[in-house]
Amino acid sequence: MSVKDLFLVLVCGLACACQAGAQESSTLRKIRETGIITVGFRDSSIPFSYLDRQQRPIGYSIDLCHKIVDALKERLKLPALELQFRPVTSANRIALVANGIVDIECGSTSNTLERQKSVGFSVTTFVALSSLMSKKPANIQSLQELRGQVVASTAGTTSIKALAELNRTQGLDMQIVAGKDHADAFQLLESGRADAFVMDDVLLYGLAASARKPADYVIASVDLSVDPYGIMLPKNDPEFKKIADQAIVELFRSGEINQLYQKWFLTPIPPNKIQLQLPMSAVLRRVIANPTDSGNLGDYR
């Protein structure tokens, strides 16, 4: 081999190595080396991610993540890949994914441009609208009716951030109290320590349906925010994101997503056989027909 030929071989080899290194996913490498994928879950985000009677994570988002894990098993040729669940909260979920402690978060996390600075997101899997819950005697139908009252929301959510901004700009003089999770925020309303609970509509329906006395609560839509949910992923890991997105989009294209929606939103769900009876919204149908991972909330209005 001539010096020229040897030089060409070395250059080509170096180029290929650089290309492979650029494409290598740190998340996939960690999963391959450990044989474990760590999945973050929420324990009270009905029907997305919560616990059954055996304290096992179940829900719409959990089912989606099982599909992603199946795709990873095939991609990495690891049929025995171990799925390790780790509980997360509204307050710590982003940090746990950003720091690599959790590989993927399967809950009810809104994809926003601000959050995209720290983490990545799959294509949108659900679109929620803000609502408020109050007790039936009060029958509160608007945020303006909450002037000077105590309002609960959940720490670390887009809802509590939007609520605080509205309180400031419109001078509503609300006292905003934060629950550490959705169940805790609901208890503030249930116990009378708050006059209303502001959160995503689907989460409020889930909490009301699973309450001791579901008929005691009323839910009203409010024009506060729109929240596209996605599976939270590590930032700047396009190869890992591609696998997650492809698994979800395949559910969209095959129509299997309709069966999953029926299972979690339109029929009685475990463990208490509660019924949300929440039809699929027009905006979610648009997302399923044209998948997007946009964090621009205006794209969903």
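Shown above is the structure to which this text applies.
Definitions and cut-offs
All chains use their own residue numbering, which begins from 1 and follows the written sequence. Predicted model: local features are reported for residues with pLDDT of at least 70 only, side-chain atom pairs are reported and counted for 80 or more only, and whole-chain, interface and lining totals are derived from all residues. Side-chain calculation: all heavy atoms of the structure are included, whereas hydrogens and water are not. In plain terms, two cysteine sulfur atoms within 2.5 Å form what is called a disulfide here. For the purposes of this entry, the term helix denotes a DSSP run of H or I that reaches at least four residues, the term strand denotes a run of E that reaches at least two, and both are numbered from the N terminus. Exposure classes here rest on a 1.4 Å probe applied to the protein chains alone. A residue is buried below 20% of its type maximum, exposed above 50%, and partly exposed in between. Axes here mean lines fitted to C-alpha atoms, for a helix over just the part in contact, with angles spanning 0 to 180 degrees between N-to-C directions. Orientation labels follow simple angle bins: below 35 degrees gives roughly parallel, above 145 gives roughly antiparallel, 65 to 115 gives roughly perpendicular, and whatever is left gives oblique. Contact criterion: two residues are considered in contact whenever any of their non-hydrogen atoms come within 4.5 Å of each other. Put simply, Ala, Val, Leu, Ile, Met, Phe, Trp, Tyr, Cys and Pro go in the nonpolar bin, Asp, Glu, Lys and Arg in the charged bin, and everything else, Gly too, in the polar bin. The rule for pairing is simple: two strands pair if DSSP sees at least two bridges between them. Cavity and pocket criteria rest on a 1 Å grid covering protein atoms alone: a 1.4 Å probe that fits but cannot get out defines a cavity, protein on both sides within 12 Å along at least 5 of 7 lines defines an open pocket, and an atom within 4 Å of a point defines a lining residue. Grid points are joined across faces, edges and corners, and a volume is the space filled by probe spheres set on the points. Any carboxyl oxygen of Asp or Glu that lies within 4 Å of a side-chain nitrogen of Lys or Arg is treated as forming a salt bridge with it. Charge counting follows a simple rule: Lys and Arg are positive, Asp and Glu are negative, and His as well as the terminal groups are ignored. Residues adjacent in sequence count toward polar contacts only when both atoms are side-chain atoms; beyond that, a polar contact is any pair of N or O atoms within 3.5 Å, and within protein one must be able to donate a hydrogen and the other to accept it.

Here we look at the state of the cysteines
Piece 1. Counting across every chain of the model gives 1 disulfide.
Piece 2. Note that Cys65 is cross-linked by a disulfide to Cys106, the S-S spacing being 1.8 Å. Across the disulfide from Cys65 to Cys106, rotation about the S-S bond amounts to roughly -100 degrees, and the bridge is consequently left-handed. Remark: Cys106 occurs in strand 6 (residues 104-106) and Cys65 occurs in helix 3 (residues 60-76); sequence separation between them is 41 residues. The same class applies to Cys65 and to Cys106, which are both buried.

What about the packing of helix 8 (residues 238-254) against helix 9 (residues 256-266)?
Piece 1. The geometry of helix 8 relative to helix 9 is characterised by a closest axis approach of 5 Å and an angle of 90 degrees between their N-to-C directions. With respect to helix 9, the element helix 8 is oriented roughly perpendicular. Only Glu256, Ile257 and Leu260 of helix 9 make contact with helix 8, whose side of the interface consists of Leu251, Phe252 and Ser254.
Piece 2. Of the residues assigned to the contact of helix 8 with helix 9, the class counts are 4 nonpolar, 1 polar and 1 charged.

Section: the sheet that holds strand 9 (residues 150-154)
Piece 1. If you walk across this open sheet you meet the 5 strands as 10-9-11-8-12, and the pairing is mixed. Two strands lie at the open edges of the sheet, namely strand 10 (175-179) and strand 12 (217-229), each paired on one side alone. Each strand of the sheet is rotated relative to its neighbour by a mean of 25 degrees, with strand direction disregarded.
Piece 2. Note that strand 8 (residues 126-135) and strand 11 (residues 196-200) share 4 bridges and pair antiparallel. The residue bridging Met133 from the neighbouring strand is Phe197, located in strand 11.

Some points on the sheet that holds strand 2 (residues 44-45)
Piece 1. Taking strand neighbours across the sheet as the criterion, the 3 strands line up as 2-3-4 in an open arrangement whose pairing is antiparallel. Looking at which strands have only one partner, the edges of the open sheet turn out to be strand 2 and strand 4 (57-58).
Piece 2. Judged from the 2 bridges that link them, strand 3 (residues 49-51) and strand 4 form a sheet pairing that is antiparallel. Looking at strand 4, one finds that Tyr50 is bridged to Ile58.

Considering empty space enclosed by the protein
Piece 1. Overall, the coordinates contain 1 cavity of 30 Å³ or more when judged by the stated rule.
Piece 2. In this structure, the largest cavity occupies an estimated 80 Å³ of space.
Piece 3. Along the wall of the largest cavity there are 15 residues; nearest its centre are Arg93, Ser108, Ser110, Thr157 and Asp200.
Piece 4. Listed by contribution, the elements that provide at least two residues to the lining of the largest cavity are helix 5 (158-170) and strand 11.
Piece 5. Grouping the amino acids of the lining of the largest cavity by side-chain chemistry returns 3 nonpolar, 8 polar and 4 charged.

Looking at the pattern of salt bridges
Piece 1. Counted according to the given criterion, the structure contains 12 salt bridges.
Piece 2. The salt bridge partner of Arg168 is Glu165, with a shortest N-O separation of 2.7 Å. Of this pair, Arg168 and Glu165 both sit in helix 5, 3 residues apart, roughly one helical turn.
Piece 3. In this structure Arg168 comes out as exposed when scored by relative accessible area, which is 59%.
Piece 4. Taking relative accessible area as the criterion, Glu165 reaches 40% and is therefore assigned partly exposed.
Piece 5. One continuous salt-bridge network, built from bridges that share partners, spans Lys241, Asp245 and Asp293.

Some details on the side chain of Arg115
Piece 1. Inspection of the secondary structure puts Arg115 in the loop between strand 6 and strand 7 (120-121).
Piece 2. Buried charge without a salt bridge: Arg115, with Asp227 as the nearest opposite-charge side chain at an N-O distance of 6.2 Å.
Piece 3. Within the structure, Arg115 has its side chain in polar contact with the backbone oxygen of Ser110 (distance 2.9 Å).

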